[in-house]
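Observations on the model geometry
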Amino acid sequence: MSPTLRASVYVSAPAPFLGPDGKPLGQWSAISSALIYSEHEAVLVDTAITEAQNVALADWIEQTVPTKRLAYIYITHGHADHWLGIGYLKKRFPGVKAVATKGTIDHMREQIQPELWNSTYGVRFPGQIDTNFVLAEPLPPNGEFTLEGHVLQAVEVGHSDTHDSTILWVPSIKLAVCGDVVYGDVHQQLRYAKTKAQRDEWIQAIEKVEALGPETVVPGHKKAGEVDGTWNLQASKEYIRAFEECFSKAKDATEMYELMMGSERFSTRFNPSVLKYSYLEKTTRFTSLKLEKADLALKVTTIGKLTYVAFEGRLEEVADEVDHYL
Ligand SMILES: [Zn+2]
């Protein structure tokens, strides 16, 4: 076995994105990509979204490991903001193999269904994304691959910010690269953890990471400069629990925002607009869904594991509890 592995983390800066009306809607939270390397080879975990972001990521890889071969790109989960750079990186690093679990690959395929794509990333980042999509290839069922003799392990942890989430576990250096199972100082995206059961499952997913005994924990969204401490595990669980508590107390999105942001624990997190949106998903939109169910029944569509309805000109995921009304 070659010498001890090492790792570095690149953070793609927040990217402005547009709403369905073509007007600026906000900043996409910064995305982290971890690079794990041995004597001659390296593995990247997750990419960024836009072509410009992925060019900068590739430049950084070249600067960080100029003499090593990029052997693999591992994708933690199906959300497109973590894998749209595969095609470009394959051109920059010929021979690199993109890998993921079957659950992640199925989800990737869903994300680019034209109907869904055209109401999500297609409108958010027009002309900025390479749409010659390249998906990952499936890992063997045990989720293992190696980097010069060091085992790297895909660990399936269930639902976190989406279904079929995984982390990459590197036992020899006790490194957990967590995708969106764990966040840094950034508001957690709870709009896809729509039910209490899914939010509880997210907490259990974090506990599965804790049970591995990591010494370094890389969050999928973080601020540049943050150290990847194990405290991210506890903080991510606290955030979900606080969200649950505030959600049960708040009368409306504004009060929800004030309750969460009033806490010193969360007031420094980047992108508080995520918080408001997570709340609105569970109240205004769902109430509307119930009120308009007869009409909406005509617009329901299922892509892969998820059900969507047309809402304000775009497709929105529907929770199990709302499926009941449709
Ligand atoms: Zn995600």
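Here we summarise the structure given alongside this text. (Residues numbered from 1 in each chain as written. Predicted model: local features only at pLDDT ≥ 70, side-chain atom pairs only at ≥ 80, totals over all residues.)

As for the pairing of strand β10 (residues 150–158)
Pairing geometry for strand β9 (residues 144–147) and β10, over four bridges, is antiparallel. Bridge pairing links leucine 147 to histidine 150 in β10. Counting the residues in the hairpin turn of β9 and β10 gives two residues, including glutamate 148, whose phi is positive at 45 degrees. The hairpin formed by β10 and strand β11 (residues 165–170) contains six residues between the paired strands, and aspartate 164 there has a positive phi angle of roughly 55 degrees. (Pairing = 2+ DSSP bridges. Helix = DSSP H or I, 4+ residues; strand = E, 2+ residues; numbered from the N terminus.)

Notes on the packing of helix α7 (residues 231–249) against helix α8 (residues 253–261)
Running from amino to carboxyl end, α7 crosses α8 at an angle of 140 degrees, the nearest separation of the two axes being 9 Å. The orientation of α7 with respect to α8, classified from their angle, is oblique. Between α7 and α8 lies a crossing whose hand is right-handed. Between α7 and α8, the contacting residues are Ala242, Phe243, Cys246, Phe247 and Lys249 on the first element and Met256, Leu259 and Met260 on the second. (Axes fitted to C-alpha atoms, helices over the stretch in contact; angles between N-to-C directions. Parallel < 35°, antiparallel > 145°, perpendicular 65-115°, else oblique. Left-handed = near helix turned anticlockwise from the far one by under 90°. Contact = placed C-beta atoms within 7 Å.)

Examining helix α6 (residues 196–211)
Taking 1.5 Å as the rise per residue, α6 with 16 residues should run 22 Å; its terminal C-alpha atoms sit 23 Å apart, in good agreement. Following α6 by one or two positions, glycine 213 adopts a phi angle in the positive range, close to 75 degrees. (Expected span 1.5 Å × (residues − 1).)

Quick notes on the pairing of strand β6 (residues 69–74)
For a regular strand, the rule is simple: side chains alternate between the two faces of the sheet. Burial analysis of β6 places five of its six residues in the buried class, which makes it a mostly covered element. Remark: the strand β5 (residues 41–45)/helix α1 (residues 51–64)/β6 crossover connection has right-handed handedness. Where β6 lies against strand β7 (residues 97–100), three bridges are found, and the strand directions are parallel. Its bridge partner lying in β7, tyrosine 74 is registered against valine 99. Handedness of the β-α-β unit built from β6, helix α2 (residues 86–92) and β7 comes out right-handed. (Buried ≥ 20, exposed ≤ 12 C-beta atoms within 10 Å, placed from the backbone. Right-handed = clockwise from strand over helix to strand, strands pointing away.)

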